[in-house]
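Chain and residue survey
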Amino acid sequence: MKIDRRCFLSLGIGATAGTALSPLPWKLMDDISIWSQNWPWTPVPPDGEISYTDSTCTLCPGGCGITVRKIDNRVVKIEGRKNHPVNNGGICVLGLSGPQLLYGPTRVQSPMKNVNGTFQKITWNQALSEITEKLLTIRAEGRSHTVAGIAGSSRGTVPALLQRFLTAYGSPNFYCQSSIEDSFSLSHIQPQNNKTIPGFDLENADYVLSFGTGIMDGWGSPLRMIQAGNAWKTGKTKLIQVEPRLSDTAAKSDEWLPSKPGTEAILALGIAHVILLESLYDQTAINYHSEGFSTWRTAVLAHYHPDKVAEITGIDSRTIITVGREFGHAERPVAIFGRGKGNTPLSLTEMSAVHALNVLVGNVNKTGGVFTLPEPNYISWPEISLDTKAETGLQTKQIAEGGLLHRLPSAIKEAEDSVTLLFVADANPCYTLTDTKEVIRAFKKIPFKVSFSSYMDETATLSDLILPNHSYLERYEDVPVTSGLRNPLIGFTKPIVNPLFQTKHTGDVIISIARAMKGSIGSSFPWENYLQCLKNGLGQHWNPLINNDVVEIKYVPEFEDIPRFAFQIPNDKPQVLLEGNENNMNLTLIPSDSLRLSSGYIGAPPFMMKTLPDTILTDNNTIIQIHPKTAEKLGLRQGCYAILKTPKDEKKVKIHLSQGIGEDIISFPRGLGHTAYDRYLAGKGINFNELIGPVEDTFSGLDVAWGIRASLIKA
Amino acid sequence: MTQEYRKEKKYGMVIDLDKCTGCGACMVACMAENNVPFRDNETDKLKSITWMRVYQLNNGKSYPNEEICYLPRPCMHCEGHNGHSPCVTVCPAIATDYDRETGIVSQIITRCFGCRYCMGACPYHARYFNWWDPVWPDGMEKSLSPNVSPRMRGVVEKCTFCFHRYQLAYEKAASEGRRELRENEYQPSCTQACPAGAITFGDLINKNQAVYKMKKDPRAFRLLERLGTNPKIYYLSSREWVRRAGDNYHPDEETGIVKNHR
Ligand code: SF4
Ligand code: SF4
Ligand code: SF4
């Protein structure tokens, strides 16, 4: 007879009544619990020597310092690094789950080749010679410009190596996802073809006006933002949050202005109207920092009266006037932009409308304000050499016009063979790009796709060849961090453990492919290996980085190199651009970002999934939040299912009624619906990006879709 | 063997809800420190093991006047009257105990045989039952810490204030010839991780430690204070509706009568 624990328990209860006074049952229980717990399959973690090593987290653009605890050669815990300029000891749910990524089942353990839909292990020699041959053939055919690359970032030595490779090879087709930094840069007149990055001196601000910025929800460098936000609580800094839903930031703000979705720019202009009317602006600073003020002033005064703005935004005019006055009178006010985590660029109109507030009150390049920082170009490599093939290739037009990644899928669909080979490094476009189904369709058309991913993500799964990178705990790399910091940083990762699998540093792979191709391509990569290349590229920063893992790039603006802000004359008919037909889709779908959801290219590890509340996900259902009145109109109840339809797709969702959102708005959690990764993540919920598609800003061409029209029907 | 005399401690926390942003880092910091198992579906929150869980409260008002507040809930390490914690008193196997030296309510999993009386007795839902054996995907068992034994099916587990950290800190201090720990030498994993600095941990009866003063803050309250559980977690909130949410108050009753640990 087999007695299991539960069965033992029921025996025990019956017996206890009569024998409670005797010590025997207690002794027995103890013995039996010892016996019943000797399961050989419960692991006993081996003991060993404890050590701590500092490094940098690369799992989001935040660039936090981490301290990794090891037992002998095992990573058992990642903690926030104390006194680090970004996070000072704090850490987030994703950063904490790092060991699960390192040791998890999603790691790609060796180079893999996709043979008719199944991946087969191959050796590095095979992989490298195959790819080199392909590249040589394409180049010989004079089609070098059909080789493209997508990187997760435009900064740092690895993206730079990929771009350098493409250049030397003869392709202008290097892409990465646009962000609010691009919008900011475009709203300025640049000195010499430079880029301008916003740096926020939030720690010293005394009045923060946030236009949907997820200060507590993962914007910029998430932990730095939380810490700045808490310092405001202790000091007397006021936070005003403009946002259609009660986000964690709105919940922490001193005042929540629940604007109608997409009306942020109009509200900003209404506030500007107050500042202009009451002469609360700083004319000297405006002259110094910007162009086009007087025409702009006339237009704003003519068309953005608080009463009119109130009608459109849903924020009453008294509040608009109060906020305008408070902002104008504050000593160090700052307006901050970028919805949610700030991954979606803003239209030039909105960018300009919001940043105009900063320019008006003269807080640009001042304590507590916004700094116009130059691109941190710290990599010092020798000149690249180009042969005639490269030069010809580089003269072709970029496949995606303007170098905008969101245009790549449609360009590929339009012209067969416009991309014959694609490299993807530190990015997961088949999950993170909007209109994901179309992206995947276009991706599949590319004859040969190469992923450098360490993890089996969506893009890797659809690739022809995976050349897995070491994980961030197994490699050296520079980690440039801008993310709204007052001073950009260079962080540094180093191998905490030896590579567990047959992986290779992406830097090494690119260098060895280039060198194998010889000629001018080979000679543009004069390094034996990535480490040498990194050391060479970092120059003076190498020593401090090796010793301390982080270097701050201090920047003091001087007049000559200050990019000037260009006031964008606002439309005289304020409008909100949204894809879809208002008649059959009268709801507005907006994403909700949260620090407990990873919406970037790294999927959530199991621990992170555990923190998701059951108002976001139950079983495999994504839960959307709507106002009870919206539900009433549509005949929906708490917990029921509905079909959510947008111009892009339709999905079955579960309903949660919330008083934290206005009528006719749907809030949808962003970061779920993975199809790849492991069983802890795959198949859970819906990918928001599938429901929405690119909407281009007329001025910049950037994809500025912040939401989409939608309908809900009871399922 | 004679054990040298150590001063009695009452370790506890003061959690500032005005600071907590609900980021959830404390939850994962706890899981990672204590080898907490996970399953492929963790959405049934009754079965999801989270020693530290962050609850969301709201003020019950309608849009746009709704307010939300996050409340991290570890084990309260209830002192009850003189060490009679609700869970300790009901355990037939002495698998959970009130440690008079530290004030920590321990959980000795090798003694627990899974009757779950303690779960019924705990008014804070701080205890979790292992309905299944833990399974780590191949290779991930490498990330397990040797300081905390993984649990098996059929036992109850809960927050221990990272007791192993106390032991390690104490060993270290002892090796340096000290009998008393400094305030920052022993800090639980959640406290250390919190990016908002919302959790303060220390000896509630030591006048020199931060928690001693903080627990007397006029914003302070404890959960279900009037049950007499005498919990060692104090919360701070400047919002009256949050403090009211901490217990079952009559509409005309006042909050704010906190009896402090002495
Ligand atoms: S905020 Fe970003 S960089 Fe910092 S620990 Fe979390 S994932 Fe890593
Ligand atoms: S919170 Fe629950 S488990 Fe913790 S000591 Fe109190 S009764 Fe026991
Ligand atoms: S880590 Fe801190 S801020 Fe985050 S949920 Fe826990 S207590 Fe709150």
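Residues numbered from 1 in each chain as written. Chains lettered and ligands numbered in written order. Predicted model: local features only at pLDDT ≥ 70, side-chain atom pairs only at ≥ 80, totals over all residues. Heavy atoms only, no water.

**Concerning the overall build of chain A**
Regarding its fold elements, chain A presents 26 helices and 29 strands. A compact globule built from 715 residues should have a C-alpha radius of gyration of about 27 Å, and chain A, at 27 Å, falls within 12% of that. The principal-axis extents of the C-alpha atoms in chain A amount to approximately 90 × 75 × 50 Å. The buried share of chain A, taken over its 715 residues, is 62%. (Helix = DSSP H or I, 4+ residues; strand = E, 2+ residues; numbered from the N terminus. Rg over C-alpha atoms; globule rule 2.2 N^0.38 Å. Buried < 20%, exposed > 50% of the residue type's maximum accessible area, 1.4 Å probe, protein only.)

**A closer look at the overall build of chain B**
The helix and strand tally for chain B stands at 7 helices and 10 strands. For 262 residues, the compact-globule estimate of 2.2 N^0.38 gives 18 Å, and chain B sits close to it at 19 Å. Each of the three principal axes of chain B carries a C-alpha extent, and together these read 55 × 45 × 35 Å. The buried share among the 262 residues of chain B stands at 61%. Across chain B, every contact between residues at least 6 apart in sequence was considered, and the portion connecting residues at least 24 apart equals 65%. Accessible surface computed for chain B: about 11200 Å², of which carbon and sulfur atoms make up 51%. (Contact = heavy atoms within 4.5 Å. Areas by Shrake-Rupley, 256 points an atom, 1.4 Å probe, with all protein chains shown as cover.)

**Section: the pattern of salt bridges**
Tallying each qualifying case throughout the model produces 58 salt bridges over all chains. The shortest N-O distance in the salt bridge between R143 of chain A and E141 of chain A comes to 2.7 Å. For E141 of chain A, a relative accessible area of 47% gives the class partly exposed. Across the pair R178 of chain B and E185 of chain B runs a salt bridge whose closest N-O atoms are separated by 2.7 Å. Residue classification places R178 of chain B among the buried positions, given a relative accessible area of 18%. Counted as one network, the salt bridges with shared partners bring together R69, K77 and E79 of chain A together with E33 and R165 of chain B. (Salt bridge = Lys/Arg side-chain N within 4 Å of Asp/Glu carboxyl O.)

**With respect to the site of ligand 1**
Residue and element names in this part refer to chain A. Lining the immediate surroundings of ligand 1 are C57, L59, C60, G62, G63, C64, I91, C92, L94, G95, P222 and L223. Within the residue set of the shell around ligand 1, elements represented by two or more residues are α3 (93-96) and α8 (222-234). Across the shell around ligand 1, the residue classes break down as 9 nonpolar, 3 polar and no charged. (Near = heavy atom within 4 Å. Nonpolar A, V, L, I, M, F, W, Y, C, P; charged D, E, K, R; others polar.)

**Concerning the site of ligand 2**
As a structural note, the neighbourhood of ligand 2 is formed by C75, M76, H77, C78, P86, C87, V105, C122, P123, Y124, R127 and K158 of chain B. A per-class count over the shell around ligand 2 returns 9 nonpolar, 1 polar and 2 charged.

**Observations regarding the nonpolar core**
Residue and element names in this part refer to chain A. Counting residues in each nonpolar core, the largest one holds 163 residues, and the members touching the most others are F211, W296 and L357. Looking at which element gives the most residues to this core, the answer is helix α10 (residues 264-277), with 10 residues. A domain split of this core shows at least three residues from each of domain 2 (202-368) and domain 3 (587-714). Not counting the four nearest positions on each side in its chain, W296 is found in contact with L269, A272, L276, A356, L360, F567, Q568, I569 and P570. Counting residues in hydrophobic clusters, the runner-up holds 47 residues, among them I138, L166, F448 and I490. (Core = buried A, V, L, I, M, F, W, Y, C linked by side-chain atoms within 4.5 Å. Domains from an automatic or database assignment.)

**Thoughts on helix α15 (residues 348-360) of chain A**
Residues and elements named next belong to chain A. In this model, α15 (13 residues) spans 17 Å end to end at C-alpha, consistent with the 18 Å of a helix rising 1.5 Å per residue. Of all 13 residues making up α15, 12 are buried, and the element is well covered by its neighbours. Regarding α15, the residues found buried are L348, E350, M351, S352, A353, V354, H355, A356, L357, N358, V359 and L360. (Expected span 1.5 Å × (residues − 1).)

**With respect to the packing of aromatic side chains**
Within the structure shown, the criterion is met by 31 aromatic pairs over all chains. Between Y680 of chain A and F38 of chain B, the aromatic rings sit 5.1 Å apart at their centres with planes inclined by 75°, giving edge-to-face as the arrangement. Here Y680 of chain A is found in the loop between β28 (665-669) and β29 (708-714), whereas its partner F38 of chain B is found in the loop between α1 (25-33) and β2 (53-58) on a different chain. When its relative accessible area of 3% is taken as the criterion, F38 of chain B is described as buried. When the centroid spacing of 5.0 Å and the interplanar angle of 80° are considered together, the rings of Y186 of chain B and F201 of chain B count as edge-to-face. (Phe/Tyr/Trp six-rings, centres within 6.5 Å; stacked < 30°, edge-to-face > 60°.)

**Focus: unusual backbone geometry**
Residue P64 of chain B follows Y63 of chain B across a cis peptide bond; omega there is -5°. Structurally, P64 of chain B is set in the loop between β2 and β3 (68-73). Positive phi outside glycine occurs at D417 of chain A, with the angle close to 65°. Residue classification places D417 of chain A among the partly exposed residues on the basis of a relative accessible area of 43%.

**Concerning the interface of chain A and chain B**
Facing the 72 residues of chain A at the interface are 75 residues of chain B. With both chains or domains summed, chain A and chain B bury close to 6000 Å², and 59% of this area falls on carbon and sulfur atoms. R165 of chain B serves as the salt-bridge partner of E79 of chain A, at 2.9 Å between the closest nitrogen and oxygen. Inspection of the region where chain A meets chain B yields 27 residue pairs in polar contact (both at pLDDT 80 or more). Grouping the amino acids of the side of chain A that touches chain B by side-chain chemistry returns 37 nonpolar, 17 polar and 18 charged. (Buried area = accessible area lost by both parts, 1.4 Å probe. Polar contact = N/O pair within 3.5 Å; in protein donor to acceptor, adjacent residues only side chain to side chain.)

**What about the sheet that holds strand β10 (residues 233-236) of chain B?**
With mixed pairing, 4 strands are arranged side by side in an open sheet as β8-β1-β10-β9 (chain B). Only two strands of the sheet have a single neighbouring strand rather than two, namely β8 (199-203) and β9 (220-221) of chain B. (Pairing = 2+ DSSP bridges.)

**Things to note about the domain arrangement of chain A**
Residue and element names in this part refer to chain A. When cut into domains, chain A gives domain 1 (5-37), domain 2 (202-368) and domain 3 (587-714). For domain 2 versus domain 3, the separation of C-alpha centres amounts to 27 Å. Residue-level contacts link 21 residues of domain 2 with 23 residues of domain 3. With both sides pooled, the region where domain 2 packs onto domain 3 buries about 1700 Å², and carbon together with sulfur makes up 61% of that total. Its largest share of buried area at the contact with domain 3, domain 2 owes to R245, P261 and K341, together 33% of the area lost on that side.

**Side note on the confidence of the model for chain B**
Across chain B, the average pLDDT comes to 93, with 96% of residues at or above 70. In the predicted assembly, ipTM is 0.96 and pTM is 0.94. (pLDDT = per-residue confidence, 0-100.)

**Structural notes on the side chain of R339 of chain A**
Residue and element names in this part refer to chain A. With respect to the secondary-structure elements, R339 resides in the loop between β14 (333-336) and α15. Classification of R339 as buried rests on a relative accessible area of 18%. Contact partners of R339, with chain neighbours within four places excluded, come to F211, G212, G262, E264, L346, E350 and W706.

**Quick look at the pairing of strand β5 (residues 118-121) of chain A**
Every regular strand shows the same layout, with side chains that alternate between the two sheet faces. All names here are of chain A. Where strand β4 (residues 112-115) and β5 come together, 4 bridges link them in antiparallel fashion. Along β5, the bridge assignment pairs K113 with Q120. Connecting β4 to the next strand, β5, in antiparallel fashion are 2 residues, including N116 with a positive phi near 50°.

**Let's talk about the sheet that holds strand β17 (residues 448-451) of chain A**
Residue and element names in this part refer to chain A. Spatially, 7 strands are ordered β5-β4-β18-β17-β16-β6-β7 in an open sheet, and the strand pairing comes out mixed. This sheet does not close on itself; its edge strands, each paired only once, are β5 and β7 (174-176). Sheet strands touched by helix α6 (residues 157-169): β6 (147-151), β7 and β16 (421-425). Its angle to β6, the strand with the most contacts, is close to 165°. (Axes fitted to C-alpha atoms, helices over the stretch in contact; angles between N-to-C directions.)

**With respect to the side chain of N87 of chain A**
All names here are of chain A. By the element assignment, N87 lies in the loop between β3 (74-80) and α3. Its relative accessible area of 0% is what places N87 among the buried residues. At 2.8 Å, the side chain of N87 and the backbone oxygen of G90 are in polar contact.

**Regarding the environment of F165 of chain A**
All names here are of chain A. When you line up the elements, F165 lands in helix α6. Taking C-alpha positions, F165 is 9.3 Å from G522, a pair spaced 357 residues apart along the chain. Not counting chain neighbours up to four residues away, the residues in contact with F165 comprise L135, F423, I510, I513, A514, M517, I521 and F525.

**A closer look at helix α5 (residues 124-140) of chain A**
Residues and elements named next belong to chain A. In a regular helix each residue adds 1.5 Å, so 17 residues correspond to 24 Å; α5 covers 24 Å between its end C-alpha atoms and thus fits that length. Every buried residue belonging to α5 is among W124, A127, L128, E130, I131, T132, L135, I138 and R139, and all of these are buried. Phi turns positive, to about 75°, at G142, one or two residues after α5.

**Re the packing of α6 of chain A against helix α23 (residues 530-538) of chain A**
Residues and elements named next belong to chain A. Where α6 meets α23, the axes come as close as 11 Å, and the angle between the chain directions of the two elements is 105°. When the axes of α6 and α23 are compared, the pair comes out roughly perpendicular. Counted together, T157, V158 and L161 of α6 and Y530, C533 and L534 of α23 form the full contact between these two elements. A per-class count over the contact of α6 with α23 returns 5 nonpolar, 1 polar and no charged. (Parallel < 35°, antiparallel > 145°, perpendicular 65-115°, else oblique.)

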